[in-house]
Amino acid sequence: MSLDVSPALLAQAQEGRVAQDDFLETVRTSLPYAYQVVAGLSTELAATEEEFTTDNTTPSDEQRAQLLRALASNAIRGSLEDHFGVKLAFVNCHRVGAFRPGSEESEAYLEFTSLHNQIRNQSPELRSC
């Protein structure tokens with residue numbers, strides 16, 4: 001299960017409306033490592049003129065699982081992007097990049113998400129991720 005959903009949030013969803021702040025709080029508490037990575041990247045990006053910033057930390061299996069769950073879900077990923085004002089990109093199971101919104105056609109974004117960059121980020125110890 002991706003998120004620890006409270007009965008109150010489940011009731012909101014069953015009524016067809018979910019408050020963005022409530023959803024993000026659920027993401028923050030359910031996937032704290034993933035939330036922390038995105039928060040840190042957005043802070044770093046805001047403090048620089050660079051096109052993007054990246055986290056290439058090798059996480060534990062539990063942390064890696066949080067990243068995978070957060071970034072594989074359109075709803076979670078989109079909410080994190082909206083909240084932090086970034087466009088996220090993901091390579092392998094551990095390398096997350098935060099780009100400025102609207103940069104999806106930039107050379108840096110296209111390189112980061114390229115097939116050859118995916119291959120360059122492979123390693124035997126991350127084979128099962």
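See the structure printed just above.
The rules we used
- Residues numbered from 1 in each chain as written.
- Predicted model: local features only at pLDDT ≥ 70, side-chain atom pairs only at ≥ 80, totals over all residues.
- Heavy atoms only, no water.
- Axes fitted to C-alpha atoms, helices over the stretch in contact; angles between N-to-C directions.
- Helix = DSSP H or I, 4+ residues; strand = E, 2+ residues; numbered from the N terminus.
- Left-handed = near helix turned anticlockwise from the far one by under 90°.
- Contact = heavy atoms within 4.5 Å.
- Nonpolar A, V, L, I, M, F, W, Y, C, P; charged D, E, K, R; others polar.
- Patch = residues over 30% accessible without salt bridge, like charges linked within 9 Å, V, L, I, M, F, W, Y side chains within 5 Å.
- Areas by Shrake-Rupley, 256 points an atom, 1.4 Å probe, with all protein chains shown as cover.
- Salt bridge = Lys/Arg side-chain N within 4 Å of Asp/Glu carboxyl O.
- Lys, Arg positive; Asp, Glu negative; His and termini not counted.
- Charge placed at Lys NZ, Arg CZ, Asp CG, Glu CD.
- Buried < 20%, exposed > 50% of the residue type's maximum accessible area, 1.4 Å probe, protein only.
- Core = buried A, V, L, I, M, F, W, Y, C linked by side-chain atoms within 4.5 Å.
- Phe/Tyr/Trp six-rings, centres within 6.5 Å; stacked < 30°, edge-to-face > 60°.

Caption draft 1: Structural view of the packing of helix H3 (residues 32-46) against helix H5 (residues 74-84). Remark: H3 packs on H5, axes separated minimally by 10 Å, with the N-to-C direction vectors making an angle of 35 degrees. Crossing hand, H3 versus H5: right-handed. Across the interface between the two elements, Tyr-35, Val-38, Ala-39 and Ser-42 from H3 touch Leu-80, His-83 and Phe-84 from H5. Of the residues that constitute the contact of H3 with H5, the class distribution is five nonpolar, two polar and no charged.

Caption draft 2: Structural view of a negative patch on the surface. A cluster of acidic residues, Glu-49, Glu-50, Glu-51 and Glu-107, forms a negative patch at the surface. Looking at the element boundaries, Glu-49 is found in the loop between H3 and strand E1 (52-55). Its relative accessible area of 77% is what places Glu-49 among the exposed residues.

Caption draft 3: Up close: the pattern of salt bridges. Within this structure, the stated rule accounts for five salt bridges. For Glu-15, the salt bridge is made with Arg-17, and the minimal N-O distance between the two is 3.1 Å. Note on Glu-15: relative accessible area 55%, which makes it exposed. The salt bridge involving Arg-28 is made with Glu-25; its shortest N-O contact spans 2.5 Å. Taken together, the positions of Arg-28 and Glu-25, both in helix H2 (residues 20-30) and three residues apart, correspond to about one turn of that helix. Because the salt bridges share partners, they merge into one network encompassing Arg-77, Glu-81 and Lys-87.

Caption draft 4: Here's a closer look at the nonpolar core. Ranked by size, the top nonpolar core spans 22 residues in total, and within it Val-27, Ile-76, Leu-80, Leu-88 and Val-96 carry the most contacts. For this core, the elements supplying multiple residues, two or more each, are H2, H3, helix H4 (61-72), H5 and strand E3 (95-99). Beyond its immediate sequence surroundings of up to four residues, Val-96 is in contact with Val-37, Leu-41, Thr-53, Thr-54, Asp-55, Leu-67, Leu-71, Leu-88, Ala-89, Phe-90 and Phe-112. By size, the runner-up hydrophobic cluster in this structure holds six residues, among which are Val-91, Phe-99, Ala-108 and Phe-112.

Caption draft 5: The arrangement of the packing of aromatic side chains in detail. Inspection of every chain in the model, using the stated rule, returns five aromatic pairs. Both rings, one in Phe-99 and one in Phe-112, keep their centres 5.5 Å apart while their planes meet at 70 degrees; by these two values the pair is edge-to-face. Taken together, the positions of Phe-99 in strand E3 and Phe-112 in helix H6 (residues 107-112) put the pair 13 residues apart, joining distant regions of the chain. In this pair, the class of Phe-99 matches that of Phe-112, namely buried. Among the aromatic residues, ring-to-ring pairing joins Phe-52, Phe-99, Tyr-109 and Phe-112 into one connected group.

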